[in-house]
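Understanding the architecture of this molecule
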Amino acid sequence: MAARGHVQDPNDRRLRPIYDYLDNGNNKMAIQQADKLLKKHKDLHCAKVLKAIGLQRTGKQDEAFTLAHEVATLEPTDDNSLQALTILYREMHRPELVTKLYEAAVKKVPLSEEYHSHLFMAYARVGEYKKMQQAGMALYKIVPKNPYYFWSVMSLVMQAISAQDEKLSQTMFLPLAERMVEKMVKEEKIEAEAEVQLYFMILDRLGKCVEALDVIRGPLGEKLTSELQSRESKCMMLYRKLQRWPECNSLAHKLLLKNPDDWQFYPSYFDSLFHLMDQSWSPPEDGEHCPEGSVHHTVAEVMRFVEERITGEDGKDSRSLRGPYLARLELMHRLRERGCPEERLLGDPLELMVQFFGKFGDKPCCITDLKIYLHLLCTDQHVQFINRLGEAVPLGEQGDEGLCFPEDTKALQRHLCVSQLGRALGLHHALDPDGKLRLIAQLKAHYRHGLKFGTNALKTELQFSDMYCLMAAHVYVDLWKETGDDNMVWRCLGVLQEGLTLSPSNAQFKLLLLLVYCHLGAFEPVVDLYSSLDAKHVQHDTIGFLLTRYAESLGQFAAASQSCNFSLRFFHSNQKDTSEYIIQAYKYGAFEKIPEFIALRNRLNQSLHFAQVRTERMLLDLFLEADIVLSLEESVKAMSLSPEEDDIPWDTMRDNRDLTVFTSWDPKDRELTEEHRRRSLEEETAWLRLRSLTLRLLASLASPGRAPSPQNSDTTNENGVGGGSSVLGGLLGQLQLALQTAAQIDERRTQYPFLGPPSTRLASALSSGSCQCQAAALQLSVHLQELEDVGLDESSELQTQICNGFKSLVVQLQEILNRCKGDFLEMKEGKLKTRPSLLENLVFFVETVCVVLWTASHCAKVLRPLKTSLQKKKKKKKDANTPAVMCGFQELTGGLQDLLTQTLEFIKGQETGITALKLAGLSLEGHTQDEEAFTKAAMDKVQSSYLRSLQEAGDLLRKRAETIKSLKI
């Protein structure tokens, strides 16, 4: 804001101190300075707006808005006021008000290029594409510059993209945009590459591939110079769409002659070959095969071409390129897939892979290159293959431990690659427990030996041998899962902590540590680990689930709230940020990026993770604050939560989780499958539906008098509950259906790979009885509504039903509490064992108690006026019996009080027991002193985390116990 050029206007000089104060974050001084200036110059609009910015930044939004509105109604046309108001409205998240500002300014100064372009950008911020089109043309008429004309064209394209009716896009918006560009082409006014890109985009969306091809291959295509091989890539794409396989083949092989390492063209080359074979295509007898040149239409020709590229690489003095060697393996894979006998002519896959390893084994990419072709080997070749590769690794002389170690980093990389391929072939998994322990010892020895190559490495650099450490951790996890021996998981934590100490920037160490701690039920160490990953932008959506899945379920409510905030901050800023990206794309003519930005925004708005953190954050706020800090009604009102409205896009929801974020060398039969992904999404959606309905039911409980909204009235009245409770009845019906679906999903008991998606809380919620108890509590509110309508005199059956419901709630809560009983952390035979399922059940108990107490509070509100009217009626009768529902309610509050006292005693006992565990005296056999220190440090973190979880659960229950006192009627 301070960089305002050469000061000429005396007002600029007067405003300068206010700008400086705002830039330096000294908002109070900015307000004072603005007040001083306004006393002398009452009509200095900009000073008022700058004061409003100061007020906005000090939390006085209403005052700021009033001041800004005063200035805006005067329709200012000075640049200072307009810019300041733009900044203010942006900070208020009211971009639509900026459009009104510039609409007024343009009317008053109709020939201003600057104000017209600001108006266009203001429309861009709010996505008003039709008005953008009109503003672009108005700007072009004032200042006939090409960019303005094409702003208007692009806005037409955006109308087509955003139109609900695809027919309208294809018959009106896109043809009009095409005609507008054709007019410029005929007049030879096309100047920039961006304009050609836009023309191509329009033709492509219209499906006019032939016309698009003519543009790319014609003189306009010569303007496409910003990207390497942009014309060729576009031609290839169009040939594929048009299924012109001869041209596709010819162009691919021409491009591969120029650069045999350009992998993007090999798939097109092979695809086109097989399409030509399927069509029995043969070249014409005379003339060119096709406009692009000669075509390779037989397997023999393609094999010869690939072999020639390899011969060329073999004869080079410089380093060989990987492309041709990988192309040979890819061709072999495709020929085998089709059952072509020519596959054998390429050679033995084992020999070809050994040759590839000989040339490229010292590159980290060698493992990823070869892993996808390991299926070409027979099962009985696996050990032979690894032995052959091992022979090609130059190792030094045998050391004290009976192992030979690499003497330089290239040899280390080769040895590491052999170990990784061995794991990918399943050789590690086939070992017995003793064999796995010997393997771990070897991996750790190689890891520690390799550290000498990174003694001078910076903290931000990874150690050359880090992957040995990670692999050792993976084998420990295998042992833990196979044998159930908890010592293995502690050793895994120890080796990862050691690795992280020496390589503090290794994200894979952090991710695996994070996962293992969560599986052990310890969330406290995870917060710092995730924070040190320094997740950026879209990663909050793709890996944020690792944090938010476990935070609340492991009883760390404060950290759970913080982790939801991390993600929500990103999602909420996405809308504003995307608008800025779109504006920059218009300014710099990057038109092809605009639909990508829109797609990113939609992808994030429809994200499963966004819906989850939004729902969980609101539930958390209620659990932590409703009826403690604020009443449930006030809490629901503060969240603007409406029971009638479901803002989750169920039909278009997207799973953006990165489920391959963990480095894994598991064989194919242990990898994550598409079925796993599908089932995980189904499970996540079912759990989200339960949580969302619970949230909306709580909102309904807080506002029971609300009339049903028109869109819900039909469905809710089917449930037989009329009047103001119809929304509540409808939601309860949906909850019962959601519980049935959840039970069906739970019956499948899907087991995901350890490094795959985490299971949801669904199974634990059902097995603990938490979901059923919460549903029963919420169902009671409908019966109470009926009691309110009928009255106490004519409702003995209903009262009995409600009393039975009260008793049932206490019994169900007692059962959930019984499922928490047991030692969360225990020492058995010198081994430390964690029981995270008990901790999860305790958290479900806490959540369910909150729901039951809110229902009880609602009951009290219904029963109080009934009791008052009853007392008035029966003042004269001395022997008036207390209604059953009143006695039942007193029993409920007494039962809840006893339950909470019992739970708090149990938590206190657990805290005492865990604190008394003497981890320092634990003997860890087979550990070096350093390993023992790292392992014990990990155990301390787990112990501390369990104590923290118990403390937070206890604190919340104590606050809830206080609220029972207010439930007297």
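Residues numbered from 1 in each chain as written. Predicted model: local features only at pLDDT ≥ 70, side-chain atom pairs only at ≥ 80, totals over all residues. Heavy atoms only, no water.

1. Quick notes on the overall build of the protein
As a reminder, the rule being used: To qualify as a helix, a DSSP run of H or I must reach at least 4 residues; to qualify as a strand, a run of E must reach at least 2; elements of each kind are numbered from the N terminus. Relative accessibility under 20% of the residue-type maximum defines a buried residue, over 50% an exposed one, and the middle range a partly exposed one, all with a 1.4 Å probe and only protein chains included. Any two residues whose heavy atoms approach within 4.5 Å at even a single point are treated as in contact. Using a 1.4 Å probe, accessible areas were evaluated by the Shrake-Rupley method; residue-level cover was limited to the displayed protein chains.
Along the protein, the regular secondary structure elements total 41 helices and four strands. Referenced to the eigenvectors of the C-alpha coordinate spread, the extents of the protein come out at roughly 115 × 85 × 60 Å. Out of the 969 residues in the protein, the part that is buried amounts to 53%. Intrachain contacts of the protein at a sequence separation of at least 6 include 71% that bridge at least 24 residues. Here the protein has roughly 44,000 Å² of accessible surface; of this, 50% comes from carbon and sulfur atoms.

2. Quick look at the environment of Tyr89
Examined against the element boundaries, Tyr89 turns out to sit in helix 5 (residues 79-91). Accessibility expressed as a relative area gives 3% for Tyr89, which makes it buried. Sequence separation of Tyr89 and Phe65 is 24 residues, and the distance between their C-alpha atoms is 8.8 Å. Among all residues touching Tyr89, those that are not within four sequence positions of it are Ala68, Ala72, Arg94, Pro95, Leu97, Val98 and Leu101.

3. Let's talk about the pairing of strand 3 (residues 825-828)
Note the cut-off: Only when DSSP finds a minimum of two bridges between them are two strands counted as paired.
Here strand 3 runs beside strand 4 (residues 831-834); their pairing, made up of four bridges, is antiparallel. Opposite Glu826, over in strand 4, you have Lys833 as the bridge partner. Hairpin remark: strand 3 followed by strand 4, antiparallel, with two residues in the connecting loop; positive phi at Glu829, about 50°.

4. Some thoughts on the pattern of salt bridges
This is how it is decided: For this document, the term salt bridge refers to a Lys or Arg side-chain nitrogen within 4 Å of an Asp or Glu carboxyl oxygen.
Per the counting criterion, the structure on display carries 56 salt bridges. Between Lys254 and Glu292 there is a salt bridge whose closest N-O contact spans 2.9 Å. Here the residue Lys254 occupies a position in helix 14 (residues 245-258), and Glu292 occupies one in the loop between helix 15 (265-278) and helix 16 (299-314), the gap between them amounting to 38 residues. By relative accessible area, which is 36% here, Lys254 ends up partly exposed. In this structure, the salt-bridge partner of Arg617 is Asp621, at a minimum N-O distance of 3.1 Å. With a gap of four residues between them, Arg617 and Asp621 both fall in helix 31 (residues 608-625), about one helical turn apart. A relative accessible area of 21% places Arg617 in the partly exposed class. The class for Asp621 is buried, based on a relative accessible area of 15%.

5. Describing the side chain of Asp262
Position of Asp262 among the secondary structure elements: in the loop between helix 14 and helix 15. Those residues in contact with Asp262, other than ones at most four positions away along the chain, are Gln229 and Leu256.

6. Let's talk about the side chain of Glu247
Which entries qualify depends on this criterion: Here Asp and Glu are counted as negative and Lys and Arg as positive; His is not counted, and neither are the chain ends.
For Glu247, the position within the fold is in helix 14. Notably, Glu247 is buried but unbridged: the nearest opposite-charge side chain belongs to Arg244, and the N-O separation is 4.5 Å. Here Glu247 is in contact with Tyr239, Cys290, Pro291 and Glu292, once residues within four sequence places are set aside.

7. Topic: the environment of Glu952
Inspection of the secondary structure assignment puts Glu952 in helix 41 (residues 929-964). The residues touching Glu952, leaving out its near neighbours within four places in the chain, are Gly555, Gln556, Phe557 and Ala558.

8. Quick look at the state of the cysteines
Going by this rule: Sulfur atoms of two cysteines make up a disulfide when they are within 2.5 Å.
In the structure shown here, the tally under the stated rule is zero disulfides. Of all cysteine sulfurs, the one in Cys235 lies closest to Cys209, which takes part in no disulfide; the gap is 12 Å. With a relative accessible area of 9%, Cys209 lands in the buried category. Left unpaired, Cys378 is separated from the closest cysteine sulfur, that of Cys340, by 18 Å.

9. Focus: the packing of aromatic side chains
Operational definition: Two rings belonging to Phe, Tyr or Trp (six-membered ring only in the last case) form a pair when the distance between their centres is within 6.5 Å. Interplanar angles under 30 degrees mark stacking, angles over 60 mark edge-to-face geometry, and anything in between is tilted. Each ring is checked for a lysine NZ or an arginine CZ that lies within 6 Å of its centre and within 35 degrees of its normal; such an atom marks a charge sitting over the ring.
A full pass over the atoms with the stated rule returns 22 aromatic pairs. For the ring pair Tyr269 and Phe270, a centre distance of 5.8 Å and an interplane angle of 35° mean the geometry is tilted. Taken together, Phe120, Tyr148, Trp151, Tyr586 and Phe591 form an aromatic cluster joined through their ring pairs. We note Arg309 situated over the ring of Phe305; from NZ or CZ to the ring centre the distance is 4.5 Å.

10. Comments concerning the nonpolar core
Note the threshold: Take the buried Ala, Val, Leu, Ile, Met, Phe, Trp, Tyr and Cys residues and link them wherever side-chain atoms come within 4.5 Å; each set so joined is a nonpolar core.
Among the nonpolar cores identified, the biggest contains 306 residues, and Phe385, Tyr586, Phe591 and Trp854 are the most heavily contacted of them. Residues in contact with Trp854, not counting those within four places in the same chain, are Leu622, Phe623, Ala626, Asp627, Leu632, Leu698, Leu701 and Arg960.

11. Considerations on the environment of Phe806
The residue Phe806 is located in helix 38 (residues 796-818) in this model. The exposure class of Phe806 is buried, given its relative accessible area of 1%. The sequence separation of Phe806 and Val852 amounts to 46 residues, and the corresponding C-alpha distance is 9.6 Å. Sequence-distant contacts of Phe806, that is, excluding residues within four places in its chain, are made with Leu780, Cys859, Val885, Gly888, Phe889 and Leu892.

12. Comments concerning the packing of helix 23 (residues 466-483) against helix 25 (residues 507-519)
The description of two helices packed together rests on the angle between their axes and the distance between the axes. Note the cut-off: Fitted lines through C-alpha atoms give the axes, limited to the stretch in contact for helices. The angle between two N-to-C directions lies from 0 to 180 degrees. Each angle gets one of four labels, with under 35 degrees taken as roughly parallel, over 145 as roughly antiparallel, 65 to 115 as roughly perpendicular, and the rest as oblique. Handedness of a crossing is defined here by the sense of rotation of the near helix relative to the far one, left-handed for an anticlockwise turn of less than a right angle and right-handed for a clockwise turn. Side-chain classes are defined by residue name, with Ala, Val, Leu, Ile, Met, Phe, Trp, Tyr, Cys and Pro counting as nonpolar, Asp, Glu, Lys and Arg as charged, and the others, Gly among them, as polar.
Interhelical geometry of helix 23 versus helix 25 gives an angle of 20° and a closest axis separation of 11 Å. Taken together, helix 23 and helix 25 sit at an angle that is classed as roughly parallel. The handedness of the crossing between helix 23 and helix 25 is left-handed. Contacts from Asp466, Cys469, Leu470, Ala473, His474, Trp480 and Lys481 of helix 23 reach helix 25 at Gln508, Phe509, Leu512 and His519. Grouping the amino acids of the contact of helix 23 with helix 25 by side-chain chemistry returns six nonpolar, three polar and two charged.

13. Overview of the packing of helix 6 (residues 95-108) against helix 7 (residues 113-126)
One way to put it is that helix 6 packs onto helix 7 with a least axis distance of 9 Å and a crossing angle of 155°. Taken together, the axes of helix 6 and helix 7 are roughly antiparallel relative to one another. At the point where helix 6 passes helix 7, the crossing takes the left-handed sense. On the side of helix 6, the interface is formed by Pro95, Glu96, Val98, Thr99, Tyr102, Glu103, Ala105 and Val106, while helix 7 contributes Tyr115, His116, His118, Leu119, Ala122, Tyr123, Arg125 and Val126. The residue inventory of the contact of helix 6 with helix 7, partitioned by class, reads ten nonpolar, three polar and three charged.

14. What to know about unusual backbone geometry
Phi is positive for Glu75, which is not a glycine, with a value near 50°. When you line up the elements, Glu75 lands in the loop between helix 4 (61-73) and helix 5. For Glu75, a relative accessible area of 37% puts it in the partly exposed group. The backbone of His537 shows a phi angle near 45°, a positive value even though the residue is not glycine. Among the structural elements, His537 can be located in the loop between helix 26 (524-533) and helix 27 (539-542). For His537, a relative accessible area of 34% gives the class partly exposed.

15. A look at helix 25
We apply this condition: One less than the number of residues in a helix, times 1.5 Å, gives the span that helix is expected to have. In protein, a polar contact requires one atom able to donate a hydrogen and another able to accept it; more generally it is a pair of N or O atoms within 3.5 Å, and residues adjacent in sequence count only if both atoms are side-chain atoms.
Here helix 25 spans 18 Å end to end across 13 residues, near enough to the 18 Å set by a 1.5 Å rise per residue. Most of helix 25 sits out of view: eleven of its 13 residues are buried. Tucked inside the fold, the buried residues of helix 25 contact helix 23, helix 24 (486-502), helix 26, helix 28 (545-551) and helix 41. Measuring from the side-chain oxygen of the N-cap residue of helix 25 to the backbone nitrogen of Gln508 gives 3.0 Å; that N-cap residue is Asn506. Positive backbone phi, approximately 90°, marks Gly521, located one or two places after helix 25.

16. Quick look at the confidence of the model for the protein
Note the following rule: pLDDT: the predictor's confidence for each residue, scored from 0 to 100.
Scored by pLDDT, the protein has a mean of 90; 95% of the residues are at 70 or more. Per-element averaging of pLDDT across the protein places helix 34 (residues 710-717) at the bottom with 38 and helix 25 at the top with 97. Considering only residues more than four positions removed or in separate chains, one finds that residues 1-7, a stretch of pLDDT under 50, has 14 contacts. Across residues 706-724 the pLDDT falls below 50, and counting only partners more than four positions away or on other chains, this stretch makes 23 contacts in the model.

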